[in-house]
Amino acid sequence: MIARGRNHPDLVILGNVNVDLIMGPLAQWPAEGEEVLVPELRWRVGGNAGNAALACHALGTHALTLTSAGDDLAGTWLRTQLPDHAVHWLGSAAPTSVTAAFSHPGSDRSFVTYLGHLQHLSWADLAPHLPPARAALLAGAFLTPRLRQDYPALLARLNAQGTAAALDFGWPDRGFTPDIRAEILNWLPGVQHLLINELEAAHLTGLSTPQDAARHLATHLHPQGVVVVKCGPRGVVARQGGQEYAAPAPTVQVIDSVGAGDTWNAAYLHATLQGTRLEEALHAAVQVASRAISTEPRQFR
């Protein structure tokens, strides 16, 4: 693994940064032609990569996010939300991507996304700007379709330069078809940290428990790779080197669960890059994510 240089980040984040409009709680979808009112609205940086970048900044991780934004009002706003040293922004002629996230009573939520500039983000755009780093988080593969096409080349570059690859691919918009499963499994030999949720794990493997899914996926990873399956209020389960780990979550009053898994990813990688043992890193990340979803304004410490 690369030792951090004077100007090299510990972590590079590659993926989708967009504007999130978070509204709710929404008890049920309105019928066509109907209008409903919701009591809450939040406007913030979103996307799998954007959520992770916010958490890394709050935690003090030496991280750099490589992404793009449209040259419009939303893109101008995005560029003001993180310090210049934390993001390398690429311009895009397309409108900036926006996700409307609807919270529902309880902790469930629904998302409607306009891909906009993310439709055009590519490895050819990002490759010239990729610095040496100790680790890289690939986030939101299925919301960056052109970048996803070159994941094999991207992973090969990371492995060649000694950068540990972490992957949270997100939910495929066409579901987990046989072709999608095969595509994801083809990425895994180049991945050192697979960070997914239990629904994704179940659909990817066809196995009903997070433990069984983690055991199966570990056989596809780098030999010392870590599989983490995030289980919401039940915490996480993980597997590395034939050993199973678990970290339960504390009971909290959920205020806003959007981006909880992305926050967990950031906190886990932050702890890992500090040399924290796996079991302790899992617990630390659960605590950070639990605090984030139960505070307003969102807190990470």
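Everything that follows concerns the structure shown earlier in this document.
Residues numbered from 1 in each chain as written. Predicted model: local features only at pLDDT ≥ 70, side-chain atom pairs only at ≥ 80, totals over all residues. Heavy atoms only, no water.

### Notes on the pairing of strand β8 (residues 135-139)
Going by this rule: Exposure categories follow from relative accessible area, calculated using a 1.4 Å probe and restricted to protein chains: below 20% of the type maximum is buried, above 50% is exposed, and the middle band is partly exposed. To qualify as a helix, a DSSP run of H or I must reach at least 4 residues; to qualify as a strand, a run of E must reach at least 2; elements of each kind are numbered from the N terminus. Only strands that DSSP links by at least two bridges are regarded as paired with each other.
Among the 5 residues in β8, 5 count as buried, and that is most of the element. Of the two faces of β8, the one lined by A135, L137 and A139 and the one lined by A136 and L138 are each fully buried. Here 5 bridges tie strand β1 (residues 11-15) to β8, and the two strands are oriented parallel to one another. Across the sheet, I13 pairs through a bridge with L137, a residue of β8.

### Looking at the nonpolar core
How we decide: Buried Ala, Val, Leu, Ile, Met, Phe, Trp, Tyr and Cys residues that are joined via side-chain atoms within 4.5 Å together make up what is termed a nonpolar core. Contacts between residues were defined by any pair of non-hydrogen atoms, one from each residue, lying within 4.5 Å.
Judged by nonpolar contacts, the single largest core of 47 residues is most densely connected at L11, I13, L137, V228, W264, Y268 and L282. Counting residues per element, this core draws most heavily on helix α10 (residues 278-293), at 8 residues. Filtering out sequence-adjacent residues up to four positions away, L282 remains in contact with V228, V236, A238, Y245, A247, W264 and Y268. In terms of nonpolar packing, the next biggest core, distinct from the first, is built from 41 residues, L167, L188, V191 and V227 among them.

### Some points on the sheet that holds strand β3 (residues 40-46)
As a reminder of what qualifies: To get an axis, fit a line to the C-alpha atoms, keeping to the stretch in contact for a helix; angles then go from 0 to 180 degrees between the N-to-C directions.
Strand order in the open sheet made by the 4 strands is β3-β2-β6-β7, with mixed pairing throughout. The open sheet has two edge strands with one neighbour each: β3 and β7 (109-114). Geometrically, the sheet is characterised by an average inter-axis angle of 20 degrees between neighbouring strands, direction not taken into account.

### What about the packing of aromatic side chains?
Selection criterion: Stacked, edge-to-face and tilted are the three classes for Phe, Tyr and Trp ring pairs, Trp counted by its six-membered ring, which pair at centre distances within 6.5 Å; planes under 30 degrees apart are stacked, over 60 edge-to-face, the rest tilted.
Under the defined criterion, the tally for this structure stands at 8 aromatic pairs. Ring centres of Y151 and W187 lie 4.7 Å apart, and the angle between their planes is 55 degrees; this geometry places the pair in the tilted category. Within this pair, whereas Y151 is found in helix α5 (residues 151-160), its partner W187 is found in helix α6 (residues 178-187), the two being separated by 36 residues in sequence. You'll find Y151 and W187 in the same group, each marked buried. Ring centres 5.1 Å apart and planes at 10 degrees place the aromatic pair W264 and Y268 in the stacked group. Of the two residues, W264 and Y268 both sit in helix α9 (residues 260-273), 4 residues apart, roughly one turn of that helix. Judged by its relative accessible area of 1%, Y268 is buried. Three or more aromatic residues link up through ring pairs in this structure, and these residues are F142, Y151, F169, W171, F176 and W187.

### Looking at the sheet that holds β1
Note on sheets: strands pair through backbone hydrogen bonds, and any given pair is parallel or antiparallel. With mixed pairing, the 9 strands of this open sheet are ordered in space as β5-β4-β1-β8-β9-β10-β11-β12-β13. Of all strands in the sheet, those bounded by a partner on one side alone are β5 (87-92) and β13 (243-247). Neighbour-to-neighbour, the strand axes of this sheet turn through a mean angle of 15 degrees, independent of strand direction. Looking at chain direction, strand β10 (residues 193-197) and strand β11 (residues 226-230) are connected through 5 bridges and run parallel. Counted as the bridge partner of L195 is V228 from β11. Running over the sheet, helix α7 (residues 198-205) touches β9 (164-168), β10 and β11 and is turned about 105 degrees from β10.

### Topic: the side chain of S92
Condition: Between N or O atoms, a polar contact is any pair within 3.5 Å; within protein, one atom must be a potential hydrogen donor and the other a potential acceptor, and residues adjacent in sequence are included only when both atoms are from side chains.
For S92, the location among the structural elements is in strand β5. A polar contact is formed between the side chain of S92 and the backbone nitrogen of A94, at a distance of 3.2 Å. Contacts of S92, omitting those with residues within four sequence positions, involve A69, G70, D71 and H117.

### Thoughts on α9
The criterion, for reference: To estimate how far a helix should extend, the number of its residues minus one is multiplied by 1.5 Å.
Taking 1.5 Å of rise per residue, 14 residues should cover 20 Å, and α9 covers 20 Å from first to last C-alpha, within 8% of that figure. Counting buried residues in α9 gives 12 out of 14 residues, a clear majority hidden from the surface. Along α9, the positions that sit buried rather than exposed are A260, D262, T263, W264, N265, A266, A267, Y268, L269, H270, A271 and L273. Count one or two residues on from α9 and you reach G275, which has phi positive near 85 degrees.

### A look at the pattern of salt bridges
Opposite charge on two side chains makes pairing possible when the charged atoms of those side chains draw close. Put simply, the test is: Salt bridges are defined by distance alone: a side-chain nitrogen of Lys or Arg within 4 Å of a carboxyl oxygen of Asp or Glu.
Throughout the structure, instances matching the rule amount to 13 salt bridges. R42 serves as the salt-bridge partner of E40, at 3.7 Å between the closest nitrogen and oxygen. Judged by relative accessible area, E40 falls into the partly exposed class, the value being 37%. R42 gets classed as buried once you look at its relative accessible area, which sits at 16%. A salt bridge links E244 to R215; the nearest nitrogen and oxygen atoms lie 3.6 Å apart. Of the two residues, E244 sits in strand β13 while R215 sits in helix α8 (residues 210-218), which places them 29 residues apart along the sequence.

### Let's talk about the side chain of R148
Counting through the fold element by element, R148 comes out in helix α4 (residues 145-149). Those residues within four positions of R148 in sequence are excluded, and the remaining contacts are A141, F142, R174, I180, E183 and W187.

The values reported here are purely geometric and, on their own, carry no functional implication.
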